[in-house]
Amino acid sequence: MGFADYRVALVTGASSGIGTATVRRLRAEGLEVHAMARDADRLAQLAKATGCIPHALDVRATAEIAKLADSIEVDVLVNNAGQSRQGDVLTNSADDVDQLIDVNLRAILHLTRLFVPGMVKRNRGHVVTISSIAGHYAFPGGNTVYHATKAGVHSLSQQLRVHLYGSNVRVTEISPARVETEVFARLLGDAEEAQKRFYDGYESLKPEDIAESIAFAVGSPARMNVSFMEVLPTKQVVGGLNFARGSGSDQS
Ligand SMILES: NC(=O)c1ccc[n+]([C@@H]2O[C@H](COP(=O)([O-])OP(=O)(O)OC[C@H]3O[C@@H](n4cnc5c(N)ncnc54)[C@H](OP(=O)(O)O)[C@@H]3O)[C@@H](O)[C@H]2O)c1
């Protein structure tokens, strides 16, 4: 397997950032690429530029996605759509919690349920999930619900691999650290502030770096499954140890 054996791809979250770069990269390999996101205008522009097939759909629209699953045979499923929210589980609204779970985790489970059986039947396919270093490490900044959903994506990727044992359906989890996309602009609701706080002065990854990582995994020979890839900017590290001074009684 590899690009020569795959014909059709579906990329979620295709209207910006990593998703757009992935659509472009997979189109460059000659795949028929179905691009899903909510923003119809941006998808139409991407379709014009790349020849991808746009689907202006919310990943939470399970019934409509089920209809799509009945009409196309997907070889490569890139579960990329995702959102983040300010605050943490102590301050988030009920809607914040529900939306993050619905978009970042529940939708991927449904997409898996709808598209992977066809891959198994054809004994050919590749599922790529975009988790995050937030799914593997705890670090400052709150975002507890986002961390929990991404840990769920990691667990799903691991268990799916076990479930598909013996078949030619491969599963690759890609866990990026900071990538220069719209994610923080959406988080803060202020693109300028996001640029200043998260990108200016840092050499972050570009969306194309993750698209290239996906292409490496998908293009690998049949005998090889890139099961997990953690991709960080060279100057970003994970890890660290926090130890607040004082005894329990000091803090009471
Ligand atoms: N950027 C980073 O530093 C970073 C690091 C680690 C992991 N990630 C992960 O990478 C993935 C891609 O994010 P990005 O950084 O490329 O951010 P982005 O530029 O904000 O792109 C997010 C994409 O997800 C789509 N999306 C959001 N909610 C959706 C919904 N309900 N239904 C359908 N599509 C939806 C958006 O499209 P519409 O608004 O048009 O629907 C957009 O195309 C996410 O899963 C994110 O958690 C990003």
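See the structure shown above.
To keep things clear, this report deals only with the structure shown in the data block. Quick caveat, the model's predicted, so the values are computed rather than measured.

## Topic: the overall build of the protein chain
Phase 1 of the analysis: Helix and strand content of the protein chain: eight helices and seven strands.
Phase 2 of the analysis: For the protein chain, whose C-alpha radius of gyration is 19 Å, the value lies close to the compact-globule estimate of 18 Å for 252 residues.
Phase 3 of the analysis: Its C-alpha atoms give the protein chain principal-axis dimensions of about 65 × 40 × 35 Å.
Phase 4 of the analysis: Taking all 252 residues of the protein chain together, the buried fraction comes to 48%.
Phase 5 of the analysis: Across the protein chain, contacts joining residues at least 24 apart in sequence account for 68% of those joining residues at least 6 apart.
Phase 6 of the analysis: When the accessible area of the protein chain is evaluated, it comes to approximately 12,800 Å², of which 51% is carbon and sulfur surface.

## Considering the side chain of Asn80
Phase 1 of the analysis: Checked against the element boundaries, Asn80 lands in the loop between strand S4 (76–79) and helix H4 (94–122).
Phase 2 of the analysis: A polar side-chain atom of Asn80 sits 3.2 Å from the main-chain carbonyl oxygen of Gly13.
Phase 3 of the analysis: When neighbours within four sequence positions are excluded, Asn80 is seen to be in contact with Thr12, Gly13, Ile18, Gly19 and Ile130.

## Quick notes on the site of the ligand
Phase 1 of the analysis: Around the ligand there are 31 residues in total, and Ser15, Ser16, Arg38, Tyr146 and Thr181 lie nearest to it.
Phase 2 of the analysis: For the ligand, a nitrogen atom lies 2.9 Å from a polar atom in the side chain of Asp58.
Phase 3 of the analysis: A distance of 2.9 Å separates a nitrogen atom of the ligand from a polar backbone atom of Val59.
Phase 4 of the analysis: In the complex, the protein chains occlude 97% of the 880 Å² of accessible area that the ligand would expose alone.
Phase 5 of the analysis: Elements with a minimum of two residues in the shell around the ligand: helix H1 (17–28), helix H5 (144–163) and helix H6 (183–188).
Phase 6 of the analysis: For the shell around the ligand, the residue count by class is 13 nonpolar, 10 polar and eight charged.

## Side note on unusual backbone geometry
Phase 1 of the analysis: We note that Asn123 has phi near 55 degrees; this positive angle belongs to a residue other than glycine.
Phase 2 of the analysis: Here Asn123 is to be found in the loop between H4 and strand S5 (125–130).
Phase 3 of the analysis: Despite not being glycine, Asn143 has its phi angle at roughly 55 degrees, a positive value.
Phase 4 of the analysis: Its place among the elements puts Asn143 in the loop between S5 and H5.

## Regarding the nonpolar core
Phase 1 of the analysis: Of all hydrophobic cores here, the largest spans 32 residues; its most connected members are Val23, Leu26, Leu31, Val33, Ile174, Ile210 and Ile214.
Phase 2 of the analysis: Secondary structure elements with two or more residues in this core: strand S1 (8–12), H1, strand S2 (32–37), helix H2 (40–50), S4, S5, helix H8 (207–219) and strand S7 (228–231).
Phase 3 of the analysis: Broken down by element, this core gets its largest block of residues, five residues, from H8.
Phase 4 of the analysis: Leave out the neighbours within four places in its chain, and Val33 touches Ala9, Val11, Val23, Leu26, Arg27, Cys52 and Ile53.
Phase 5 of the analysis: Ile65, Ala69, Phe115 and Leu164 belong to the second-largest nonpolar core, a separate cluster that totals 25 residues.

## Concerning the environment of Leu187
Phase 1 of the analysis: By secondary structure assignment, the location of Leu187 is in helix H6.
Phase 2 of the analysis: Along the chain, Leu187 and Met36 lie 151 residues apart, while their C-alpha atoms are 20 Å from each other.
Phase 3 of the analysis: Leu187 has contacts with Ser84, Arg85 and Gln86, leaving out every residue within four places of it along the chain.

## Some points on H8
Phase 1 of the analysis: For H8, spanning 13 residues, the distance from its first C-alpha to its last is 18 Å, which sits close to the expected 18 Å at 1.5 Å a residue.
Phase 2 of the analysis: Residues of H8 that are buried include every one of Pro207, Ile210, Ala211, Ser213, Ile214, Ala215, Ala217 and Val218, and no others.
Phase 3 of the analysis: The secondary structure elements touched by the buried residues of H8 are H1, S4, S5, strand S6 (169–176) and S7.

The rules we used
Residues numbered from 1 in each chain as written. Predicted model: local features only at pLDDT ≥ 70, side-chain atom pairs only at ≥ 80, totals over all residues. Heavy atoms only, no water. Helix = DSSP H or I, 4+ residues; strand = E, 2+ residues; numbered from the N terminus. Rg over C-alpha atoms; globule rule 2.2 N^0.38 Å. Buried < 20%, exposed > 50% of the residue type's maximum accessible area, 1.4 Å probe, protein only. Contact = heavy atoms within 4.5 Å. Areas by Shrake-Rupley, 256 points an atom, 1.4 Å probe, with all protein chains shown as cover. Polar contact = N/O pair within 3.5 Å; in protein donor to acceptor, adjacent residues only side chain to side chain. Near = heavy atom within 4 Å. Nonpolar A, V, L, I, M, F, W, Y, C, P; charged D, E, K, R; others polar. Core = buried A, V, L, I, M, F, W, Y, C linked by side-chain atoms within 4.5 Å. Expected span 1.5 Å × (residues − 1).

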